[in-house]
Amino acid sequence: MRSRWAVFGLPLVALLALGLYRPEVPLPSTRPLAIVFGSEINGYITPCGCSKPMVGGIPRRGTLLRQLAEQHVLLKLENGDLTKAGGRQDELKAETLIEMLNQMGYDALNLGKYDFLLGIDYLRALQMQFKGAMLCANVQEGGSPAFEAYTLVEKSHNDTKLRLLIVGLISEKHAESIRARNPQLSVVPAREQLNALRPQIETQGDVRILLFYGTGEEAEQLVRAHPYFHLVVYANAGDGPIPPKQVGQTRLVFAGNDAKFVGIAHLSDGAPYAIARVEYTRLTEDFKDDEQLLAIKLAYLARVEAENLLAMVPRRPTPNGSGFAGSRACMPCHAEDYRIWQRTAHAKAMQTLIDEKHDKDPECVVCHVVGLEYEGGFRSLEETPALKDVGCESCHGPAKLHAQDPETHRLGKAGAQSCMTCHVPAHSPGFDFETYWKKIEHGFKK
Ligand code: HEC
Ligand code: HEC
Ligand code: HEC
Ligand code: HEC
């Protein structure tokens, strides 16, 4: 910084005096380093919005990181599981998340169990797109590492240049799952791999960090045998942060999964370096969505629509062998029930998705229409307009036969359990049958 000032200082002073030069964001010249970390995004690009307020999302994370960067130099790390499965939509999500991590300037990403469900070839394609380092020291193909074992990143901390070494490892407990999808891969036990890498790791880097895709307990055991890390980010410990734990000179941290929180580790001012302080920031509605990241999300939704993933949802036969009639078909004989239903939130569930731009997203549509996963159920607004929204048959079951011949084809009771396919805790945390039923109560007269 000082040398640049020497070269450009005088002309700059002149420009400033003339009022012609306005730096966009005046960054403090010396900033301390902060290490931001997260585990297991699990496909949660943004929260679904089914209940309010909802926490998390990558566009909010982008805003937090931009705020942090005003006062800090950032090292950005992510630990495992961009998505949770290996279907086409997960591929699109994984590509989207890589693009988002690039946009935010992520330095390293460690691979998790579910990432391997995308298949090694697909992961390699993602690796080509990722501008940071994709890490996994202990997964091998034909005896040689399939991904980078570690990366060295240079960042400044106050006025000092630091070399930061980041190692990525996955617990060998996931070997079976990795090999089921990728039989050509083998998993070396994490501890064994570290023994082999120790001479390289121990002598390099002013600060050493381990991204470990495994539990806190496993991480602690590793650290007891390999006590030269400053920070270990672990995984598989639920959706909320866990208080940091100090083991020797190592701080073990976990910021929760599903992109709800961001962990921030601050370094001591001078050598010998240590983690001085860890904080966890909850991504509440106070953090606005970053516009550029939101644009990347909309491009993702456009791809979901362009590839017509909605039409590719696997379908099974209905349990009672009947087709679907649509709620309007019930009106002639159940006029009062129909009238009540029309005024409930269920009757506008599709409009909600249209407003949210998720109306072509099978991950949302499944709970906001009738029978998406069944033969004869909702296909699209154009093909099956009568089956949009949460209709009578979402709870009473397919009733085409009943509507044709109600005496022969009885429907039986829907019951409280009929709500539970959709009102699951993740989407309806406040669900309680008594209070919810009161809001949609019907079935008194025909
Ligand atoms: C497992 C079923 C399920 C899935 C999947 C689902 N939803 Fe929902 N959604 C619900 C339920 C149930 C509610 C009502 C929750 C409540 O009020 O307790 C709801 C409510 C909503 C609401 C609030 C409506 C309002 O007016 O208050 C929005 C917005 C919404 N969902 C959007 C989405 C989006 C976007 C997705 C996909 C990313 C999605 N949902 C996926 C079940 C689901
Ligand atoms: C042609 C008239 C008619 C139509 C159309 C019709 N129902 Fe019915 N529904 C009946 C009759 C009649 C009964 C039996 C009433 C009784 O005997 O208690 C009944 C009973 C029911 C019951 C009580 C459970 C049972 O089977 O006895 C439910 C639930 C029901 N109907 C839902 C629906 C739904 C949902 C639709 C639209 C898909 C629908 N009905 C369409 C005439 C009809
Ligand atoms: C097929 C999925 C599905 C089923 C089954 C389902 N719901 Fe819903 N429910 C939804 C969705 C989606 C919404 C949000 C609709 C919107 O606002 O867009 C919702 C909203 C509601 C609301 C409005 C909540 C509010 O805060 O205003 C109530 C009440 C409700 N459901 C009760 C029930 C009850 C009771 C059952 C079972 C008897 C049930 N639902 C079954 C999907 C379902
Ligand atoms: C969110 C779920 C849900 C939706 C949507 C819904 N119902 Fe119901 N309905 C129930 C439940 C729960 C009961 C209580 C009796 C039972 O468990 O079957 C009930 C009761 C009934 C009854 C009386 C059944 C009896 O045994 O006497 C009829 C008839 C009926 N509903 C028709 C309809 C029609 C027609 C629609 C659409 C216009 C509709 N329902 C929409 C859940 C639903």
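Residues numbered from 1 in each chain as written. Chains lettered and ligands numbered in written order. Predicted model: local features only at pLDDT ≥ 70, side-chain atom pairs only at ≥ 80, totals over all residues. Heavy atoms only, no water.

1. Brief notes about the pattern of salt bridges
One pass over the full model with this rule turns up 19 salt bridges. Note that E218 is salt-bridged to K173, the shortest N-O span being 3.8 Å. Placement of the pair is E218 in helix α7 (residues 216-225) and K173 in the loop between β8 (160-170) and α5 (175-181), with a sequence separation of 45 residues. (Salt bridge = Lys/Arg side-chain N within 4 Å of Asp/Glu carboxyl O. Helix = DSSP H or I, 4+ residues; strand = E, 2+ residues; numbered from the N terminus.)

2. What about the domain arrangement of the protein?
Taken domain by domain, the protein holds domain 1 (26-300) and domain 2 (317-440). Here domain 1 and domain 2 have C-alpha centroids that lie 41 Å from each other. Listed per partner, the contact involves nine residues of domain 1 and eight residues of domain 2. Overall, the association of domain 1 and domain 2 removes approximately 690 Å² of surface from exposure, summing both partners, and the carbon and sulfur fraction of that is 47%. For domain 1, the biggest contributors to the area lost against domain 2 are C48, C50 and Q89; these three give 48% of the whole. For the salt bridge of E363 with K93, the shortest nitrogen-to-oxygen distance reads 2.7 Å. At the junction of domain 1 with domain 2, the criterion picks out three residue pairs in polar contact (both at pLDDT 80 or more). (Domains from an automatic or database assignment. Contact = heavy atoms within 4.5 Å. Buried area = accessible area lost by both parts, 1.4 Å probe. Polar contact = N/O pair within 3.5 Å; in protein donor to acceptor, adjacent residues only side chain to side chain.)

3. Description of the sheet that holds strand β4 (residues 133-135)
Pairing is mixed in the open sheet, where six strands are placed in the order β4-β3-β2-β1-β14-β15. The outermost strands of the open sheet, each flanked by one partner alone, are β4 and β15 (275-282). Across this sheet, the average inter-strand angle for adjacent strands is 20°, counted without regard to direction. Here strand β1 (residues 33-39) runs beside strand β2 (residues 73-79); their pairing, made up of seven bridges, is parallel. Residue pairing for β2: G38 is matched across the bridge by E78. (Pairing = 2+ DSSP bridges. Axes fitted to C-alpha atoms, helices over the stretch in contact; angles between N-to-C directions.)

4. Examining helix α4 (residues 120-129)
Among all positions in α4, only I120, Y122, L123 and L126 are buried. The buried residues of α4 occupy one face: seen down the axis, they fall within an arc of 155°. Among the exposed residues of α4, those oriented more than 90 degrees off its buried face are D121 and M128. (Buried < 20%, exposed > 50% of the residue type's maximum accessible area, 1.4 Å probe, protein only. Arc of directions from axis to C-beta.)

5. Brief notes about the nonpolar core
With 50 residues, the main nonpolar core has F116, V139 and F147 as its most contacted residues. Listing elements by their share of this core, those giving two or more residues are β1, α2 (58-69), α3 (88-104), α4, α5, β9 (185-187), β14 (261-267) and α8 (291-306). If one sorts the elements of this core by residue count, α3 sits on top with seven residues. Residues contacting V139, with those up to four places away along its chain left out, are F116, P145, A146, F147, I170, I178, L185, S186 and V187. Formed by 25 residues, the second largest nonpolar core is a distinct cluster that contains V153, I166, V207 and I275. (Core = buried A, V, L, I, M, F, W, Y, C linked by side-chain atoms within 4.5 Å.)

6. Let's talk about the site of ligand 4
In the vicinity of ligand 4 lie 17 residues, with C392, C395, H396, A414 and H442 positioned nearest. Within the contact set of ligand 4, an oxygen atom lies 2.7 Å away from a backbone nitrogen or oxygen of A414. In this structure, H442 approaches ligand 4 through a side-chain N or O atom, which is 2.7 Å from a nitrogen atom. Put simply, the parts of the chain that give the shell around ligand 4 at least two residues each are α9 (335-342), α12 (392-396) and α14 (433-440). Here the residues of the shell around ligand 4 are counted per class, giving eight nonpolar, seven polar and two charged. (Near = heavy atom within 4 Å. Nonpolar A, V, L, I, M, F, W, Y, C, P; charged D, E, K, R; others polar.)

7. Structural notes on the state of the cysteines
This model, assessed by the stated rule, comprises zero disulfides. Here C48 is not disulfide-linked; the sulfur of C50 is the nearest cysteine sulfur, at 3.3 Å. (Disulfide = S-S within 2.5 Å.)

8. Thoughts on the coordination of the iron atom of ligand 2
Within the protein, the atoms that donate to the iron atom of ligand 2 are H334 (NE2) and H402 (NE2), at distances of 2.0 Å. Its six donor atoms give the iron atom of ligand 2 angles of 88 to 179° at the centre, a pattern that matches the octahedral case. A residue pair is termed long-range when its members are at least 10 positions apart, and H334 in the loop between α8 and α9 and H402 in helix α13 (residues 400-404) qualify at 68 residues. Exposure remark for H334: the relative accessible area of 25% places this residue in the partly exposed category. (Donors = N, O, S within 2.8 Å, 3.2 Å for Na, K, Ca; no water. Tetrahedral: all angles 85-135°; square planar, octahedral: opposite > 155°, others 65-115°.)

9. Topic: the coordination of the iron atom of ligand 1
Octahedral metals with six donors have ideal donor angles of 90 or 180 degrees. Tetrahedral metals with four donors have an ideal donor angle of 109.5 degrees. The iron atom of ligand 1 binds to the protein through C50 (SG) and H368 (NE2), with metal-donor distances spanning 2.2 to 2.3 Å. Seen from the iron atom of ligand 1, its six donor atoms lie at angles of 86 to 178°, and the figure they make is octahedral. Here the residue C50 occupies a position in the loop between β1 and α2, and H368 occupies one in helix α11 (residues 362-368), the gap between them amounting to 318 residues. By relative accessible area, which is 37% here, C50 ends up partly exposed. On the accessibility criterion, H368 (16% relative accessible area) is buried.

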